[in-house]
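Notes for the structure review
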Amino acid sequence: MNSQAPGRLKLRNSIAVLIWLATAIVLSLVSPGTSSAQGKESVETTSSPALQVFPKDVTLWRTRNTQRLVVIHKPNAGLERDVTNLSRFSIANPTVARVDAFGRLEALQAGKTVVKVEFGGSTQQAAVRVEDSGEDMAPTFSRDVESILTMSGCNGSNCHGGVKGKGGFKLSLNGAYPREDYRWIVEGGTYRVLTDQDSGPKVPRIDLQNPAQSLLLMKPTAALPHGGGERFPPDSAEYETLLSWIRGGAPYGGEDEQAGRIEGIEVFPSQAVLEPGGRRQLLITALLSNGRREDITDKVLYLSNNADLVKVDSKGAVEAVMPGETAVLVRAPSYSAVATIGVISNRVARYPEVAPRNFIDEHVFAKLRKFQIVPSELSADAEFLRRVCLDVTGTLPPPNRVREFLEDRDPKKREKLLEVLLQSPEYVDYWTFRYGDLFRVALHPAGGIPKFSQSYWEWLRNAIAQNEPYDLIARERIAAQGYEGASRHYLPILQPPLPEDAVAEEVRVFLGRRIDCAQCHDHPFENWAQDQFWGMAAFFQRLTFFWFLEVGTDALVLDDPGGYSRRGNMGRVIHPRSKKEIQPTFPDGTVLTREQARDPRLALARWMTAQPEFAETAVNRMWGHFFGRGIVDPVDDFRSTNPPTHPELLKALAEDFRANKHDLKHLIRRIVNSRTYQLASAANETNRSDRTNYSRRVPRPLDAEVLLDAISQVAGVPEVFGLPSGGRAPAGTRAINLKEPDMYPSQFLEVHGRPSRQMVPERNAQPNLRQALHRLAGATYTEKLSSQNGRVDRLLKGEGSYREIVEEFYLAALSRHPSPRESLDLTGALRDAEVQHGSKRRAVEDFLWALLNSQEFTNY
């Protein structure tokens, strides 16, 4: 502990604590609190009819096809209400189709007709067309059998779709691999993780001689003991379909284009808002390979992400329980979709008009209006200034720049400020640091040789400085070969990375998916097969390097045409279960062409950056930086059970990013110039608990490196970064400028969560006891605040008044002027402290200590 600590602790336990409390009180006046939901008021109206029927046009393309109708009523002021069960249905030509009392249409013969819907004195119509396709189609395995297994939960991760299956019976998760499911059902057999050999006799799940005695029927109907209980009764449509399929010889069936393969599903509505006790029917539509659409609402599985908020039954009827927001996941064989359901107990009587600035605001504000959340007011200039400087450059604006900005009356000054920041050297410093984190630029990940890590860092910094397109940066990183630059990423100590480790990292960084689990078996929760994982790992099978001269001097990274790699055996990748050699294969099963095989990692890099997931991951990471959470959060955990808060916004951002050639600065402009980004942090009565809809700025802690640089900047005392060997980083080096951060030990950075970069970092900004102790007695505070060459010393030598000192530190630390109340209270407290302890310096030092520990400084 610093020698000054005992005396300073004693002082802080007296008048300094009083100053700290006073500061906290007055700072709370500008910290996130409550503001009124103000703005230009207008009664919510809608240009659409109060009564609507969905779908408006129905095509049934074979006899006995069905289609649910949903009837929605929305008054001029009020929430949409599902009135399907309260409506009256009639059909103009009952020979073409029939409709029951619940709005379910069934095709009878080819022709056209109209369904009339009546509710509360209002009438709507839906056009119906039936296209008779001829004979009834026999059940198919991939469509009909897999649908039954999916909707019954049989192929879920907690049942037969788990890694090892259950009860000796294995299915692919969510019917992702129907041919494998067919083999297990028809031939029998068990799945084992490390071998493809069965451990015992094969037991088929069907009996062609006695179809009704098939295990596929006896188990789910509970005619035989079944751990999953009864999944459907013997008199159900599911039972009849399976029995018919087995009686027909249990064929797998060809890819019948007449029947059409499912190539995607849609859920209607994708968003809905209900009051507690309200109900809403979901409609699920399959998009077929023959261009048709088919209602499969009764043939899918529904799962609520939070049944305490929203319940959903097996037919897609959603019931609101209590206020909140959650998602209903819909699973069809190989595909899934999500409906976001909000439950509100209080409506905003007069919702204010909030003008959007760009498409980001249009998406965000549309959802806020629908969910009856009023966005906060636009942030004040001071709040915006500090926020944007830290977000774009990781640096606080100096007091003179703060004064200039606050006094500027130019209505375009925020846009102009952003352009200045984007062209500044601080921008290059900061984003080199940010992507250095993501790309793991550090000493030990680059082989423990400074020459290598510095070359890697310089490649990244040059790419940021030249604003290279992000897809180009990604391709260079993935496909890197040679002696320097991005190739140093593949230089861990002694040996190149294993193919399985390399591919898992590249997919996580650039596609936002965590596929590590598929290394040993099919992914237990997502549609990533073990075969897909090893097919992609094989792109790295020839990755190797050669040392030149003496060890530690230089190394060449390349894909050795001779096949030598860390694995040896001519660079072969062997599947751990089948024990067969794997060739580089894209996830869709496409193998490399002869031309692509000359540079397999380049082929992989081009494929990855061409995927829609690449742009979505990039914009989601950037969104997470500016808003403290991703549209998908965590930002690299895209999966069906972790849906985006704003899926259409994510798509729009990704499309805009691609259309503008993956320009990172363009993406930053889009985000920062939106009103959504510039909202104030003060809450109103409707958005106080909102953490996912971006209705206000949610303050968050500064990252360790940025916080240390900010303390050093406000105190006017640069941090000195020393090496264990006794050397030092160049004078004036900031924490975000360290080329090899793992070379420089720092207690402050460690206790505030600096990652080691040994793996893709996940920062933890949660406060802890070590941080509290460091703030009380750590050298960062005790030495910087008492330095003879710091800002305190300069202000005291300038004989500034307490009012001027408070003003200067507020501008330096908080980027704003103190309020009159703050200025009055703090100058009085400082005078009292000076009188009590006989030291103006101590009074000012402890005021600064309190300021640097306030939430307004440590958060932004």
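Coordinates for the structure precede this section.
Heads up: these notes are all about the structure in this document.

Reading guide: rules and limits
- Residues numbered from 1 in each chain as written.
- Predicted model: local features only at pLDDT ≥ 70, side-chain atom pairs only at ≥ 80, totals over all residues.
- Heavy atoms only, no water.
- Helix = DSSP H or I, 4+ residues; strand = E, 2+ residues; numbered from the N terminus.
- Buried < 20%, exposed > 50% of the residue type's maximum accessible area, 1.4 Å probe, protein only.
- Contact = heavy atoms within 4.5 Å.
- Areas by Shrake-Rupley, 256 points an atom, 1.4 Å probe, with all protein chains shown as cover.
- Axes fitted to C-alpha atoms, helices over the stretch in contact; angles between N-to-C directions.
- Parallel < 35°, antiparallel > 145°, perpendicular 65-115°, else oblique.
- Left-handed = near helix turned anticlockwise from the far one by under 90°.
- Nonpolar A, V, L, I, M, F, W, Y, C, P; charged D, E, K, R; others polar.
- Expected span 1.5 Å × (residues − 1).
- Salt bridge = Lys/Arg side-chain N within 4 Å of Asp/Glu carboxyl O.
- Pairing = 2+ DSSP bridges.
- Lys, Arg positive; Asp, Glu negative; His and termini not counted.
- Polar contact = N/O pair within 3.5 Å; in protein donor to acceptor, adjacent residues only side chain to side chain.
- Patch = residues over 30% accessible without salt bridge, like charges linked within 9 Å, V, L, I, M, F, W, Y side chains within 5 Å.

Along the chain, the regular secondary structure elements total 27 helices and 26 strands. By residue count, 54% of the 860 residues in the chain fall in the buried class. Looking at the chain alone, contacts between residues at least 24 apart form 65% of all its contacts between residues at least 6 apart. Accessible area of the chain: about 37400 Å², with a carbon and sulfur share of 51%.

For the rest of this paragraph, the subject is the packing of helix 21 (residues 769-777) against helix 22 (residues 779-786). The axes of two packed helices give the description: the angle between them and the distance between them. Their axes nearest at 5 Å, the elements helix 21 and helix 22 cross at an angle of 20 degrees. In terms of axis orientation, helix 21 runs roughly parallel to helix 22. Relative to helix 22, helix 21 is oriented so that their crossing is right-handed. Contacts from His774, Arg775 and Ala777 in helix 21 reach Ala779, Thr780, Tyr781 and Thr782 in helix 22. A breakdown of the residues in the contact of helix 21 with helix 22 according to their chemical character gives 3 nonpolar, 3 polar and 1 charged.

A few words on helix 7 (residues 381-393). The first and last C-alpha atoms of helix 7 sit 17 Å apart over 13 residues, in line with the 18 Å expected at 1.5 Å per residue. Within helix 7, 11 of the 13 residues are buried, which leaves the element mostly enclosed by the surrounding structure. Among the residues of helix 7, Ala382, Phe384, Leu385, Arg386, Arg387, Val388, Cys389, Leu390, Asp391, Val392 and Thr393 are the ones counted as buried. In the segment just after helix 7, glycine 394 is the residue with positive phi, at about 65 degrees.

Our next topic: the pattern of salt bridges. On inspection of all chains with the given rule, the structure shows 51 salt bridges. Notably, a salt bridge pairs glutamate 131 with arginine 292, separated by 2.7 Å at the nearest N-O pair. Taken as a pair, glutamate 131 in the loop between strand 11 (122-130) and helix 2 (141-151) and arginine 292 in the loop between strand 15 (283-288) and strand 16 (293-295) lie far apart in primary sequence, 161 residues in all. The exposure class of glutamate 131 is partly exposed, given its relative accessible area of 27%. Arginine 387 serves as the salt-bridge partner of glutamate 383, at 2.8 Å between the closest nitrogen and oxygen. One end of the pair, glutamate 383, and the other, arginine 387, are both in helix 7, 4 residues apart, so they sit about a helical turn from each other. The network of salt bridges with common partners includes Arg508, Arg514, Arg621, Asp636 and Glu762.

What follows covers the pairing of strand 7 (residues 88-91). When a strand is regular, its side chains alternate between the sheet's two faces. Alternating residues of strand 7 divide into Phe89 and Ile91, all buried, and Arg88 and Ser90, none buried. Examined bridge by bridge, strand 7 and strand 10 (residues 111-119) share 4 bridges and lie antiparallel to one another. Paired with serine 90 across the strands is lysine 116, a residue of strand 10.

The next thing to look at is unusual backbone geometry. Excluding glycine, residues mostly have negative phi values, and the peptide bonds linking residues are mostly trans. In this structure, proline 55 follows phenylalanine 54 across a cis peptide bond, with omega equal to -10 degrees. As for its placement among the helices and strands, proline 55 is situated in the loop between strand 2 (51-54) and strand 3 (57-60). With an omega of -5 degrees, the peptide bond between phenylalanine 268 and proline 269 qualifies as cis. When you line up the elements, proline 269 lands in the loop between strand 12 (262-268) and strand 13 (271-274). Non-glycine residue lysine 661 carries a positive phi angle of around 60 degrees. Residue classification places lysine 661 among the exposed positions, given a relative accessible area of 65%. Positive phi, close to 55 degrees, is recorded for histidine 662, a residue that is not glycine. On the secondary structure map, histidine 662 appears in the loop between helix 17 (647-659) and helix 18 (664-672). On the basis of relative accessible area, histidine 662 is assigned to the buried category, the value being 9%.

All right, on to the side chain of arginine 629 then. Note that arginine 629 resides in the loop between helix 16 (612-627) and helix 17. For the buried arginine 629, no salt bridge is present, and the opposite-charge side chain at shortest range is aspartate 633, 4.5 Å distant.

With that settled, consider the sheet that holds strand 14 (residues 279-281). With respect to topology, 3 strands assemble into an open sheet ordered 14-19-18, the strand pairing being antiparallel. This sheet does not close on itself; its edge strands, each paired only once, are strand 14 and strand 18 (310-312). Going across the sheet, the axis of each strand differs from the next one's by a mean of 20 degrees, ignoring polarity. With 3 bridges connecting them, strand 14 and strand 19 (residues 317-320) associate as antiparallel partners. Looking at strand 19, one finds that arginine 279 is bridged to glutamate 319.

In this section: the environment of glutamate 238. Residue position: glutamate 238 is located in helix 5 (residues 237-247). In this structure the C-alpha to C-alpha distance between glutamate 238 and methionine 151, which are 87 residues apart in sequence, comes to 9.9 Å. Beyond its immediate stretch of four places on either side in the chain, glutamate 238 contacts Ile148, Met151 and Phe232. There is a polar contact of 3.4 Å between the side chain of glutamate 238 and the side chain of serine 236.

This part covers the environment of glutamate 419. Its place among the elements puts glutamate 419 in helix 9 (residues 413-422). On the accessibility criterion, glutamate 419 (31% relative accessible area) is partly exposed. Sequence separation between glutamate 419 and arginine 669 is 250 residues, and the spatial gap between their C-alpha atoms is 8.5 Å. Within polar-contact distance, the side chain of glutamate 419 engages the side chain of arginine 669 at 2.7 Å.

Before going further, it helps to spend a moment on helix 17. Compared with the 18 Å implied by 1.5 Å per residue over 13 residues, the 18 Å span of helix 17 between its first and last C-alpha is a close match. If you check which residues of helix 17 are buried, you get Leu649, Leu650, Ala652, Leu653, Ala654, Asp656 and Phe657. Lysine 661 lies just past helix 17 and shows a positive phi near 60 degrees.

Before going further, it helps to examine the packing of helix 12 (residues 470-479) against helix 15 (residues 600-610). With their axes 8 Å apart at the nearest point, helix 12 and helix 15 run at an angle of 150 degrees to one another. Between helix 12 and helix 15, the angle is such that the two are roughly antiparallel. As for how helix 12 packs across helix 15, the hand of that crossing is right-handed. Where helix 12 approaches helix 15, its residues Asp471, Ala474, Arg475, Ile478 and Ala479 are matched on the opposing element by Arg601, Leu602, Ala605, Arg606, Met608 and Thr609.

Our next topic: a nonpolar patch on the surface. Together, Leu769, Leu773 and Leu776 line one region of the surface with nonpolar side chains, adding up to about 300 Å² of accessible area. Locating leucine 773 in the fold gives a position in helix 21.

Turning to its location among the elements, valine 117 is positioned in strand 10. With relative accessibility at 0%, the residue valine 117 sits in the buried group. When the C-alpha atoms of valine 117 and leucine 69 are compared, they prove to be 9.7 Å apart, with 48 residues separating the residues in sequence. Ignoring sequence-local partners within four residues, the contact set of valine 117 consists of Leu51, Val53, Val71, Ser87, Arg88, Phe89, Ser122, Thr123 and Gln124.

The strand order 3-11-10-7 describes an open sheet built from 4 strands, whose pairing is mixed. At either margin of the open sheet sits one strand with a lone partner, and together these are strand 3 and strand 7. Each strand of the sheet is rotated relative to its neighbour by a mean of 25 degrees, with strand direction disregarded. Pairing of strand 10 with strand 11 involves 9 bridges; the strand directions are antiparallel. The partner of valine 117 across the bridge, within strand 11, is glutamine 124.

Geometry only, nothing functional implied.
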